[in-house]
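Tertiary structure, described
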Amino acid sequence: MALKDKVAIVTGAAHGIGLACAERFAADGASVVIADVDEEAGEQAAAAIREAGNEARFVACNVTERLDVRNLVTATVEAYGAVDVLINNAGVVHAADFLDLAEEDFDRVLGINLKGAFLAAQTVARQMVRQIEEGRAPGTIINMSSINSVFALPTQVPYSISKGGVSQLTKVIAISLAPYGIRCNAIGPGSIMTDMLKSVVNDKNARNTILSRTPLGRIGEPREIAGVAAFLASDDASYVTGQTVFADGGRLPLNYMVPVPE
Ligand SMILES: NC(=O)C1=CN([C@@H]2O[C@H](COP(=O)(O)OP(=O)(O)OC[C@H]3O[C@@H](n4cnc5c(N)ncnc54)[C@H](O)[C@@H]3O)[C@@H](O)[C@H]2O)C=CC1
Ligand SMILES: C[C@H](O)[C@@H]1OC(=O)[C@H](O)[C@@H]1O
């Protein structure tokens, strides 16, 4: 199996895209640590993966808390001996017009989506460097960006900013860690059917607006993002670093529209 003997941490993996990544990585042979603030769902997710005959465990972790992140890495190494892959997936969205946006909402979204990704990447990278010095192969970091890293949504101001930052964070990490052979890439999903999407796309008009800009004509599934993550974590991506790989159905800029059948 492609990820046999690998150890992967997936943040925000109690639900949605992160859960799909955890399930896929475990099915591909990795030992997976599910890190999330939702302890009940996280434990359930890890148990379900184990019941399917694969290896997973849950560690409670708020990615905005450096001590939580340090504990996450320590617990992973104690359980499985190393960290080979980090998927920085934890994230939240907030919808408000620019003029109405509250400072605390700006700070909360940037704290989770961008600073949380930084804290986890830095902590894991320090562990990866130690592992390389001990003779283990270099690991890889995968950040969850978004189409909103390039297509700014005026109703999702901190979200759009945070994802633009995640793509830039990916580039600076890739350059910084290239001397160690550690690769860092991002995935830029389009609209993917998860609780997050449902929280902001809650009527037919909103859904049709998305579909009008999506040539493939449908909203994506979490497993379709997990497949991109599996590629980026594999040796097939050995010469790929610093990239944001978009998986968005061919998403078009705001001023392009495709007909949506009634
Ligand atoms: N659903 C979509 O259409 C798209 C999602 N994304 C990104 O994919 C990632 C996952 O999104 P979804 O699965 O849709 O969301 P989701 O809301 O279904 O799952 C997000 C998970 O992150 C966890 N989480 C939230 N704050 C956390 C924190 N401080 N520390 C640790 N875990 C935390 C939540 O408990 C939840 O399990 C996010 O980074 C999101 O921005 C990107 C593009 C499209
Ligand atoms: C919640 C967002 O609107 C969702 O997440 C993204 O990054 C895409 O823009 C989706 O629409």
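What you are looking at is a predicted structure, and each value in this text was computed from that prediction instead of being measured. (Residues numbered from 1 in each chain as written. Chains lettered and ligands numbered in written order. Predicted model: local features only at pLDDT ≥ 70, side-chain atom pairs only at ≥ 80, totals over all residues. Heavy atoms only, no water.)

1. Focus on the layout of surface pockets
Applied cut-off: Method remark: on a 1 Å grid restricted to protein atoms, a set of points is classed as a cavity if a 1.4 Å probe fits but cannot get out and as a pocket if it is open with protein on both sides within 12 Å along at least five of seven lines; lining residues have an atom within 4 Å of a point. Grid points are joined across faces, edges and corners, and a volume is the space filled by probe spheres set on the points. Numbered from the N terminus, helices here are DSSP runs of H or I no shorter than four residues, and strands are runs of E no shorter than two. Any residue that is not Ala, Val, Leu, Ile, Met, Phe, Trp, Tyr, Cys, Pro, Asp, Glu, Lys or Arg is counted as polar, Gly included; the first ten are nonpolar and the last four charged.
There is about 1,200 Å³ of room inside the largest pocket. Within the residue set of the lining of the largest pocket, elements represented by two or more residues are α1 (16–27), β2 (31–36), α5 (157–177), α6 (195–200) and α7 (204–212). Ranked by the residues each element gives to the lining of the largest pocket, the list is headed by α6, at four residues. The class makeup of the residues in the lining of the largest pocket is 26 nonpolar, 17 polar and six charged.

2. Focus: the confidence of the model for the protein
We apply this condition: Confidence scores here are pLDDT values: one per residue, from the predictor, ranging 0 to 100.
Across the protein, the average pLDDT comes to 96, with 99% of residues at 70 or higher. Listed scores for the predicted complex are pTM 0.97 and ipTM 0.97.

3. Overview of the UniProt feature "domain: Ketoreductase" (unreviewed entry) in the protein
The following threshold applies: UniProt positions are given in the numbering used here, feature names are shortened, and annotations may be inferred rather than shown by experiment.
UniProt records the feature "domain: Ketoreductase" (unreviewed entry) for residues 6–190 in the present numbering. A helix fraction of 50% and a strand fraction of 18% characterise residues 6–190, whose end C-alpha atoms lie 28 Å from each other.

4. Considerations on helix α2 (residues 39–51)
Inclusion rule: Working rule for helices: expected span equals 1.5 Å times residues minus one. When accessible area is computed with a 1.4 Å probe and restricted to protein chains, residues below 20% of their type maximum are described as buried, those above 50% as exposed, and intermediate ones as partly exposed. The arc in question is the one spanned by the directions pointing from the helix axis to the C-beta atoms. Counting of polar contacts relies on pairs of N or O atoms within 3.5 Å, with two restrictions inside protein: one atom must be capable of donating a hydrogen and the other of accepting it, and residues adjacent in sequence are counted only when both atoms are side-chain atoms.
A rise of 1.5 Å per residue sets the reference length of α2, with its 13 residues, at 18 Å; its end C-alpha atoms lie 18 Å apart and thus fit the reference within 8%. Among all positions in α2, only Ala 41, Gly 42, Ala 45, Ala 46 and Ile 49 are buried. On an axial view of α2, the arc spanned by its buried residues comes to 135 degrees, and they lie on one face. Residues Glu 40 and Glu 51 are exposed on α2 and point more than 90 degrees away from its buried face. For α2, the N-terminal capping position is held by Asp 38, with its side-chain oxygen 3.5 Å away from the main-chain nitrogen of Glu 40. The positive-phi residue at the C-terminal boundary of α2 is Gly 53, with phi of around 90 degrees.

5. Quick word on empty space enclosed by the protein
For the coordinates displayed, the defined rule picks out one cavity of 30 Å³ or more. Size it by volume and the largest cavity reaches roughly 60 Å³. Contributions of two or more residues to the lining of the largest cavity are made by α4 (103–133), β5 (140–144) and α5. A per-element tally of the lining of the largest cavity places α4 first, with four residues. Among the residues forming the lining of the largest cavity, the class breakdown is six nonpolar, six polar and one charged.

6. Quick notes on the site of ligand 1
The line we're drawing: Residues are labelled near a given molecule or strand when at least one of their non-hydrogen atoms is within 4 Å of it. Only the protein chains shown count as cover for residues, and all accessible areas are computed by the Shrake-Rupley method using a 1.4 Å probe. More than half of a molecule's atoms within 2 Å of the grid points is what it takes for that molecule to sit in a cavity or pocket.
Taken together, 28 residues form the shell around ligand 1, and within it Asp 36, Tyr 159, Gly 190, Ile 192 and Thr 194 come nearest. Between a nitrogen atom of ligand 1 and a side-chain N or O atom of Asn 62, the distance comes to 3.0 Å. Taking Lys 163, its side chain carries an N or O atom lying 2.9 Å from an oxygen atom of ligand 1. In isolation ligand 1 exposes 830 Å². Once the protein is present, 92% of that is buried. More than half of the atoms of ligand 1 fall within 2 Å of the grid points belonging to the largest pocket. Every element with two or more residues in the shell around ligand 1 is listed here: α1, α5 and α6. In terms of residues, the shell around ligand 1 owes the most to one element, α6, which gives three residues.

7. Notes on unusual backbone geometry
Backbone geometry at Asp 5 places phi at a positive 70 degrees, although glycine is not the residue there. Along the chain, Asp 5 turns up in the segment before β1 (7–11). Asp 5 gets classed as exposed once you look at its relative accessible area, which sits at 57%.

8. Some details on the site of ligand 2
Close contacts around ligand 2 come from Val 93, Ser 146, Ile 147, Asn 148, Gln 156, Tyr 159, Gly 190, Ser 191, Met 196, Leu 197 and Val 200, and that covers them all. In this structure, an oxygen atom belonging to ligand 2 sits 2.3 Å away from a side-chain N or O atom of Asn 148. At 2.7 Å from an oxygen atom of ligand 2 is found a side-chain nitrogen or oxygen belonging to Tyr 159. The protein chains hide 93% of the 280 Å² of surface that ligand 2 would expose on its own. It is α6 that provides the largest number of residues to the shell around ligand 2, a total of three residues. Here the residues of the shell around ligand 2 sort into six nonpolar, five polar and no charged.

9. Re helix α3 (residues 66–80)
For clarity, the threshold we go by: Any two residues whose heavy atoms approach within 4.5 Å at even a single point are treated as in contact.
For α3, built from 15 residues, the straight-helix expectation of 21 Å at 1.5 Å per residue is met to within 8% by its first-to-last C-alpha distance of 21 Å. For α3, the secondary structure elements touched by its buried residues are β1, β2, β3 (55–60) and α4. A positive backbone phi angle near 90 degrees is found at Gly 81, which sits one or two residues after α3.

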